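Examination of the molecular architecture
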Amino acid sequence: MKNSSFRVALMPGDGIGVEVIEACVAVLEKLQAGGSGFALAFDCLEAGAMHYKASGTAMSDETFRRAAEADAILLGAMGWPEIRYPDGTEIAPQLDLRFRLELYAGVRPIRALPGMPVALADPRARDIDFVLLRESTEGLFASRGRGELIGDSEARDTQVITRGVSERLFDFAFGLAADRKARGGKGHVTCVDKANVFRSFAFFRKIFDERAARHPGLSASHHYVDACALDMIRRPWDFDVLVTENMFGDILSDLAAGLIGGMGFAPSADVGDKHAVFQPSHGTAPDIAGQGKANPTATFLSAALMLRWLGERHAVPAAVAAAARLEGAVDAAFGSGTVRPFDAGGRDGTGSVTKAVIDRL
Ligand code: ATP
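Residues numbered from 1 in each chain as written. Predicted model: local features only at pLDDT ≥ 70, side-chain atom pairs only at ≥ 80, totals over all residues. Heavy atoms only, no water.

What follows deals with the overall build of the protein. When helices and strands are tallied, the protein shows 11 helices and 12 strands. Taking 361 residues into account, the globule formula puts the C-alpha radius of gyration at 21 Å, and the protein, at 20 Å, falls close to it. Roughly 15200 Å² of accessible area belongs to the protein as shown, and the carbon and sulfur atoms make up 53% of that amount. Separation between the mean location of the 40 positive side-chain charges and that of the 46 negative ones in the protein comes to 4 Å. (Helix = DSSP H or I, 4+ residues; strand = E, 2+ residues; numbered from the N terminus. Rg over C-alpha atoms; globule rule 2.2 N^0.38 Å. Areas by Shrake-Rupley, 256 points an atom, 1.4 Å probe, with all protein chains shown as cover. Lys, Arg positive; Asp, Glu negative; His and termini not counted. Charge placed at Lys NZ, Arg CZ, Asp CG, Glu CD.)

Below, the structure is given as structure tokens:
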């Protein structure tokens, strides 16, 4: 068993990112208080749009080095509409982290929380519990910063699918499905693509089939992305693990978050072979920043993903148990019917949601 002390790089970022990370640190401090069997040491790092405005750099080399040396990275959100690079693009060092740390597996769990609103009236919507796995280092995003403008008459961005990354992504997807199956899940992986039109997606699907054949204990199927979007509204309770390309995953994960009450409830993890970044799926929400209205739940659930990942990776069962405790406290807080964040139509701000969760730890 490894030393059960973990160094966590905190990158609050901008807007409500700062608010939800502050709330999350309070929850994590409570979780590790009183002989929990693991310890977290935080290293708070500055990066993002405000940092760019103040210093001319979105994320310094030193900050990147410290983040890369940490056992895990917990990030709030980064970017601000009015602060942009000279070429007009937004400040998004969190995307650079995904590329530079090779975080190919974007894990987006979608689970209906007790007591919180779901978008669909069908009673089965309360059973929604699936994971969207978004490849996060290539696909159409490989063209980020490299797109081609031909005069003022044409623009091109090229999609990249590689065998190496796809194999690791699909193996990750089947590993996830196996873990979920062990906890009562369906053990099913669906490859979401557009293999009927694009050569790159036909290649993606071919590699998926090759890797699926190595997992006879799990079932596998394909779905075209357009039909998948339709079924995400028609029968999302049937999904288990969905695996897809970067851009499709970007779009579908927002749609999926809408099923379970919105971005304030949607956690995420971007995982590679050596590093991982955990952050809520939402952005900096400039419209509500600084008002204490941000829902910190997605960040709490992201922190639970972080604790589970650290615990499993370093064989520290106490951290895995803490992840389950945190998820249980979130469920209990909302299940009580006494807490309702603003984005769920209630009047509970960041502070009272945080207090409700801490009270149940
Ligand atoms: P990005 O492009 O970085 O994803 P965005 O500005 O498109 O960001 P978000 O910031 O994710 O989108 O959120 C869109 C809207 O959803 C926000 O303006 C805000 O009103 C609401 N929202 C997002 N996250 C939360 C949250 N945690 N709590 C409450 N409301 C939220």
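Our next topic: the site of the ligand. All residues in the neighbourhood of the ligand are listed as Ile16, Gly264, His282, Gly283, Thr284, Ala285, Asp287, Ile288, Ala294, Asn295 and Asp343. At 3.0 Å from an oxygen atom of the ligand is found a main-chain nitrogen or oxygen belonging to Ala285. The side chain of Asp287 places a nitrogen or oxygen atom 2.6 Å from an oxygen atom of the ligand. For the ligand, the accessible surface in isolation is 610 Å², of which the surrounding protein chains cover 60%. Of the residues assigned to the shell around the ligand, the class counts are four nonpolar, five polar and two charged. (Near = heavy atom within 4 Å. Polar contact = N/O pair within 3.5 Å; in protein donor to acceptor, adjacent residues only side chain to side chain. Nonpolar A, V, L, I, M, F, W, Y, C, P; charged D, E, K, R; others polar.)

Next up on the list: the domain arrangement of the protein. Note: interface size is frequently given as the accessible area lost on complex formation between the parts. Partitioning the protein into structural domains gives domain 1 (1–103 + 266–361) and domain 2 (119–259). For domain 1 versus domain 2, the separation of C-alpha centres amounts to 24 Å. Each partner contributes residues to the interface: domain 1 has 11 residues there, and domain 2 has 10 residues. The tally of links between domain 1 and domain 2 comes to two salt bridges. Its salt-bridge partner being Arg168, residue Asp273 comes within 2.8 Å of it at the nearest N-O pair. There are two residue pairs in polar contact (both at pLDDT 80 or more) connecting domain 1 and domain 2. Residue assignment for the side of domain 1 that touches domain 2 shows that the elements contributing at least two residues are α4 (93–100) and β11 (267–271). For the side of domain 1 that touches domain 2, a count of residues per class yields six nonpolar, no polar and five charged. (Domains from an automatic or database assignment. Contact = heavy atoms within 4.5 Å. Salt bridge = Lys/Arg side-chain N within 4 Å of Asp/Glu carboxyl O.)

Turning to the packing of aromatic side chains, a few remarks are in order. Any aromatic ring pair is given by two values, namely how distant the centres are and how the planes are angled relative to each other. Scanning the entire structure with this criterion turns up 10 aromatic pairs. Judged by centre distance (6.1 Å) and plane angle (85°), the rings of Phe201 and Phe204 are edge-to-face. With Phe201 and Phe204 both in helix α6 (residues 199–212), this residue pair falls three residues apart, about one helical turn. On the basis of relative accessibility, which here comes to 1%, the residue Phe204 falls in the buried class. Following the ring pairs from residue to residue traces out a cluster consisting of Phe170, Phe174, Phe198, Phe201, Phe204, Phe208 and Phe248. Over the ring of Phe141 we find Arg134; its NZ or CZ atom is 5.1 Å from the centre of that ring. (Phe/Tyr/Trp six-rings, centres within 6.5 Å; stacked < 30°, edge-to-face > 60°. Buried < 20%, exposed > 50% of the residue type's maximum accessible area, 1.4 Å probe, protein only. Lys NZ or Arg CZ within 6 Å of the ring centre and 35° of its normal.)

This next bit is on the packing of helix α1 (residues 16–32) against helix α9 (residues 297–313). It is the contact of α1 with α9, at a shortest axis distance of 9 Å, that shows an interaxial angle of 50°. Looking at the two axes, α1 sits oblique to α9. Remark: the crossing between α1 and α9 carries right-handed chirality. Taking contact as the criterion, the partners of Val20, Ile21, Ala23, Cys24, Val27, Leu28 and Leu31 in α1 are, on α9, Thr299, Phe300, Ala303, Met306 and Leu307. Counted by class, the contact of α1 with α9 contains 11 nonpolar, one polar and no charged residues. (Axes fitted to C-alpha atoms, helices over the stretch in contact; angles between N-to-C directions. Parallel < 35°, antiparallel > 145°, perpendicular 65-115°, else oblique. Left-handed = near helix turned anticlockwise from the far one by under 90°.)

This structure, assessed with the given rule, holds 27 salt bridges. Residue Glu69 is joined to Arg65 by a salt bridge in which the shortest nitrogen-to-oxygen separation is 2.9 Å. Highlighted residues: Glu69 and Arg65, both in helix α3 (residues 61–69), separated by four residues, approximately one helical turn. Residues Arg98 and Asp270 are paired through a salt bridge, measuring 3.2 Å at the closest nitrogen-oxygen approach. Residue Arg98 is found in helix α4, and its partner Asp270 is found in strand β11; the two are separated by 172 residues along the sequence. What emerges from the salt-bridge pattern is a single network uniting Arg163, Glu167, Asp171, Lys206, Glu210 and Arg211.

Along the chain, His275 falls in the loop between β11 and β12 (276–280). A distance of 3.3 Å separates the side chain of His275 from the backbone oxygen of Ala68, its partner in a polar contact. Not counting residues within four places of it along the chain, the set of residues in contact with His275 comprises Ala68, Leu101, Leu103, Asp270 and Trp309.

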